[in-house]
Amino acid sequence: MLKLVIAGAGGRMGKTLVAAAEEISGVQLVATLSRHSGDGDIDTVLSNADVLIDFTRPEVTLNYLVICKKHGIKAVIGTTGFSSAQMQQIEGFARDIAIVLAPNMSIGVNVSLQLVEAAAKALGLDYDIEVFEAHHKMKVDAPSGTALALGEVAAKARGQLLADVATYDRNGISAPRERGSIGFSVVRAGDIIGDHTVFFAGPGERIEITHKSSSRATYAQGAMRAAQFLAGKKVGLFDMREVLGLR
């Protein structure tokens, strides 16, 4: 039986994760953590776990990983908004413990990543790429981690670095679009769980790859699969496409 601890259990995603853990066979939810948990409580709780599932904030996640490393606990991280320096810290932790890090654990989103990668590779620079995303008004990072992941796979498939070609802001009079650029558009409104569309606009045609979430349950189910995947891993940094056998 795989023993789980879920962080951020008081939030919307946390509650969905708790419900999923209680329904799935082969795992046991041994404890939950919230922002009110003290340092001593966190250390004690994690020492009794096999895997931590964490959908919180970057600074909170990194604090948890320090304790996970101390006790040899594996981690499933759905937190988004990490800086480059924070990502380097996570890569460092993955030399000591096994981690699944994914901005979106939905099976459908990860299939969408495969489709975007294939389309970008086939269509090349003659097709302009725009990544559109919409989320609820309480989401604090933009573009979403999923939108950035979609942009990254598209750029990589065309032999580019996203940092070199991304356009995040258009305002006033701007120059004509640069060939090979990848644009991002963001909506924050209402209670939208998560919509993502990648547009490939070329001569005389447009291809749209869209994923829309109607429930957080799909993320939770993906997180449970990620936790079970880690049961057979000792160290390393993995993503959901590896969890799902998509690469």
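Rules and cut-offs
- Residues numbered from 1 in each chain as written.
- Predicted model: local features only at pLDDT ≥ 70, side-chain atom pairs only at ≥ 80, totals over all residues.
- Heavy atoms only, no water.
- Helix = DSSP H or I, 4+ residues; strand = E, 2+ residues; numbered from the N terminus.
- Phe/Tyr/Trp six-rings, centres within 6.5 Å; stacked < 30°, edge-to-face > 60°.
- Buried < 20%, exposed > 50% of the residue type's maximum accessible area, 1.4 Å probe, protein only.
- Core = buried A, V, L, I, M, F, W, Y, C linked by side-chain atoms within 4.5 Å.
- Contact = heavy atoms within 4.5 Å.
- Axes fitted to C-alpha atoms, helices over the stretch in contact; angles between N-to-C directions.
- Parallel < 35°, antiparallel > 145°, perpendicular 65-115°, else oblique.
- Left-handed = near helix turned anticlockwise from the far one by under 90°.
- Salt bridge = Lys/Arg side-chain N within 4 Å of Asp/Glu carboxyl O.

Trainee: Sorry, what's going on with unusual backbone geometry here?
Mentor: Most peptide bonds take the trans form, and the phi angle of most residues other than glycine is negative. Here the residue pair Ala-142 and Pro-143 is connected by a cis peptide bond, since its omega of -10° sits within 30 degrees of zero. Inspection of the secondary structure puts Pro-143 in the loop between β6 (128-135) and α6 (145-157).

Trainee: In this structure, what is going on with the packing of aromatic side chains? I would like to understand it.
Mentor: The description of an aromatic ring pair uses the distance of the two centres, along with the angle that the planes make with each other. A complete count under the given rule lists 2 aromatic pairs for this structure. Taking 5.3 Å as the distance between ring centres and 80° as the angle between the ring planes, the aromatic pair formed by Phe-229 and Phe-238 counts as edge-to-face. For the residue pair Phe-229 and Phe-238, the accessibility class agrees, reading buried in each case.

Trainee: How should I be thinking about the nonpolar core in this particular structure?
Mentor: Side chains of a nonpolar character, in soluble globular proteins, are inclined to be buried together. Counting residues in hydrophobic clusters, the biggest one holds 31 residues, and the most contacted among them are Leu-4, Leu-17, Ile-53 and Val-76. Among the secondary structure elements, those contributing two or more residues to this core are β1 (2-7), α1 (12-23), β3 (51-54), β5 (98-101), α8 (217-230) and α9 (240-243). With 8 residues, α8 is the single largest residue contributor to this core. Sequence-distant contacts of Val-76, that is, excluding residues within four places in its chain, are made with Val-51, Leu-52, Ile-53, Asp-54, Val-100, Met-105, Ala-223, Ala-226, Ala-227 and Leu-230. Judged by nonpolar contacts, the second largest core, of 24 residues, contains Val-5, Leu-62, Cys-68 and Phe-93.

Trainee: Explain the packing of α1 against α8 to me, please; I cannot follow it from the model alone.
Mentor: To describe two helices that pack against each other, one gives the angle between their axes and the distance between the axes. One can describe the packing of α1 onto α8 by two numbers: an axis separation of 9 Å at closest approach and a directional angle of 55°. Comparing their axes, α8 and α1 come out oblique. Between α1 and α8 the crossing geometry is right-handed. The residues of α8 that touch α1, namely those facing Met-13, Thr-16, Leu-17, Ala-20 and Ala-21, are Ala-217, Tyr-219, Ala-220, Gln-221, Ala-223 and Met-224.

Trainee: What is the right way to read the pattern of salt bridges from this model?
Mentor: Two side chains bearing opposite charge may form a pair once their charged atoms approach each other closely. Scanning all chains against the criterion turns up 10 salt bridges. A salt bridge links Lys-69 to Asp-96; the nearest nitrogen and oxygen atoms lie 3.6 Å apart. Of this pair, Lys-69 sits in helix α3 (residues 58-71) while Asp-96 sits in the loop between α4 (84-93) and β5, and the two are 27 residues apart along the sequence. A relative accessible area of 42% means that Lys-69 is categorised as partly exposed. Take Asp-96: its relative accessible area is 42%, and that puts it in the partly exposed class. Put simply, Glu-130 and Arg-177 hold a salt bridge, and the shortest N to O gap is 2.5 Å. Taken together, the positions of Glu-130 in strand β6 and Arg-177 in the loop between β7 (166-167) and β8 (182-188) put the pair 47 residues apart, joining distant regions of the chain. On the basis of relative accessibility, which here comes to 34%, the residue Arg-177 falls in the partly exposed class. Because the salt bridges share partners, they merge into one network encompassing Asp-128, Glu-130, Arg-170 and Arg-177.

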